[in-house]
Structure formats: structure tokens, C-alpha cells
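# Residue-level structural notes
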Amino acid sequence: MQPAIQAYNKIQTLALSQRELEARALLKAASKLQWLKENWEPTIATMEDPLSHNRQVWTIFLDAATDPQSPMPPEMRSNMIGLCRFVINQCMRMLFEPDPKKLDLMIEINQHIAAGLRGREGYDLPKTEPRKPEMSAS
């Protein structure tokens, strides 16, 4: 059954727009961070997957914003680069100064950017269901 589910997910992903893929990646990262907050245990083993996943998502955004071929207007690129660096730094700080309250801002940023990518206002933010992080292959 598992291979069938994986095949379906792959086909479904191919049909999504780039903006929707980015929004889903942010919401998945927000969900992992929410799970971490609700199951707070400040150990590297518990924090690594949610924080690493969030860092990876934002590193991809940073790479896109710093690409000389980026179609983004210069001011938007600059703002995006600053936001990416902030979020990546926050993830790293959490490993050295664990505090579940710091997760709120990262969760909120992910949700708001995802809503913007989907063309929705902030009041229309989806609720993230906390879920246990999957073990990443990377």
C-alpha cells in the first residue's frame, strides 16, 4: 500500500503550481514546529528534525532570492533575503537557546507567507495540526 500512496503523492505534486508547492512546504514546516512546541522537550534529538526542515525550506527561498536570474523586483528580493536570514538564524538559535515561545514567531511567519502565496489574507490562515515530524532522509 505504501508504494501506491507515494506514487499518488508524486503525481499530485507534479500537478501543483510552484506557489502552491511553496505554500505547502511552509505549512508542513509550521506543522512540525507546532508539534515541537506542543511536545516540548529541549533535546537535539527532538528539535533537530522540525528545525532542520524549516531551515531547509528557508534556505531554498534564500537561494531563489539571491539568484541573479531571479524575476523578483530588487526591493522584494532584499526583503526576502532579510526574512530568510532571520528565520534561518532563529532556527540555529533555538538549538543553543531552546525556548518554545520562540517557535510562535516562526510558525506565524510560515503561515502568513503560505497564505500570501495562496493569495489569501492573514485572517484566512489555515490551522496547522500538530503532527509528529517524519524522519527526514537528508
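Above this text is the structure in question.
The present account deals with the structure reproduced in this document. (Residues numbered from 1 in each chain as written. Predicted model: local features only at pLDDT ≥ 70, side-chain atom pairs only at ≥ 80, totals over all residues. Heavy atoms only, no water.)

## Observations regarding the overall build of the protein
Which entries qualify depends on this criterion: Going along the chain from the N terminus, every DSSP run of H or I of four or more residues is numbered as a helix, and every run of E of two or more is numbered as a strand. Relative accessibility decides the category of a residue: with a 1.4 Å probe and only protein chains considered, values under 20% of the type maximum give buried, values over 50% give exposed, and everything between is partly exposed. Throughout, a residue-residue contact means that at least one pair of heavy atoms, one from each residue, lies within 4.5 Å.
In terms of helices and strands, the protein carries five helices and zero strands. Helices and strands in the protein line up, N terminus first, as α-α-α-α-α. Across the 138 residues that make up the protein, the buried fraction comes to 36%. Pairs at least 24 residues apart make up 65% of the contacts formed inside the protein by residues separated by at least 6 positions.

## Considering the packing of aromatic side chains
The geometry of an aromatic ring pair is captured by the separation of the ring centres together with the interplanar angle, meaning the angle of the planes. Rule in force here: For Phe, Tyr and Trp, rings pair up if their centres lie within 6.5 Å, where Trp contributes its six-membered ring, and each pair is then called stacked (planes under 30 degrees apart), edge-to-face (over 60) or tilted (otherwise).
This structure, assessed with the given rule, holds one aromatic pair. Where Trp58 meets Phe61, the ring centres are 5.3 Å apart and the plane angle is 80°; that geometry is what we call edge-to-face. Pair noted here: Trp58 and Phe61 are both in helix H3 (residues 44–66), with a separation of three residues, about one helical turn. Residue class for Trp58 comes out buried when judged on its relative accessible area of 0%.

## Points about helix H2 (residues 18–38)
Note the cut-off: Multiply 1.5 Å by the residue count of a helix minus one, and that product is the helix's expected span.
Here H2 is 21 residues long and its end C-alpha atoms lie 30 Å apart, about the 30 Å a rise of 1.5 Å per residue gives. The complete set of buried residues in H2 reads Glu20, Ala23, Leu26, Leu27, Ala29, Ala30, Ser31, Lys32, Leu33, Gln34, Trp35 and Leu36. On the buried face of H2, the contacting elements are H3 and helix H5 (101–117).

## Remarks on the pattern of salt bridges
What counts here: Any Lys or Arg side-chain nitrogen located within 4 Å of an Asp or Glu carboxyl oxygen qualifies as a salt bridge.
A full pass over the atoms with the stated rule returns six salt bridges. Here Lys37 ties to Asp104 by a salt bridge, and the two come within 2.5 Å at their closest N and O atoms. Taken as a pair, Lys37 in helix H2 and Asp104 in helix H5 lie far apart in primary sequence, 67 residues in all. Note on Lys37: relative accessible area 29%, which makes it partly exposed. Glu48 is the salt-bridge partner of Arg55, the closest N and O atoms lying 3.7 Å from each other. The exposure class assigned to Arg55 is buried, which follows from its relative accessible area of 16%. The class of Glu48 is partly exposed, set by a relative accessible area of 31%.

## Let's talk about the nonpolar core
Selection criterion: As used here, the term nonpolar core means buried Ala, Val, Leu, Ile, Met, Phe, Trp, Tyr and Cys residues forming a set that is joined through side-chain atoms within 4.5 Å.
Counting 29 residues, the largest nonpolar core has Leu26, Leu51, Trp58, Phe61, Leu103 and Met106 as its most contacted members. Sorting the residues of this core by element identifies H2, H3, helix H4 (74–96) and H5 as the ones contributing at least two each. Once residues lying within four places of it in the same chain are set aside, the contact partners of Phe61 are Glu22, Leu26, Met80 and Cys84.

## Points about the packing of H4 against H5
Put simply, the rule reads: The axes used here are C-alpha line fits, helices contributing only the stretch in contact, and every angle between their N-to-C directions lies in the interval 0 to 180 degrees. Helix crossings get a hand from a simple test, with the near helix turned counterclockwise from the far one by less than a right angle marking a left-handed crossing and a clockwise turn marking a right-handed one. In this classification, Asp, Glu, Lys and Arg are treated as charged, Ala, Val, Leu, Ile, Met, Phe, Trp, Tyr, Cys and Pro as nonpolar, and every other residue, Gly included, as polar.
Their axes nearest at 10 Å, the elements H4 and H5 cross at an angle of 145°. For the crossing formed where H4 meets H5, the hand is left-handed. Across the interface between the two elements, Leu83, Phe86, Val87, Gln90, Cys91 and Met94 of H4 pack against Lys102, Leu103, Leu105, Met106, Ile109 and Ile113 of H5. Grouping the amino acids of the contact of H4 with H5 by side-chain chemistry returns 10 nonpolar, one polar and one charged.

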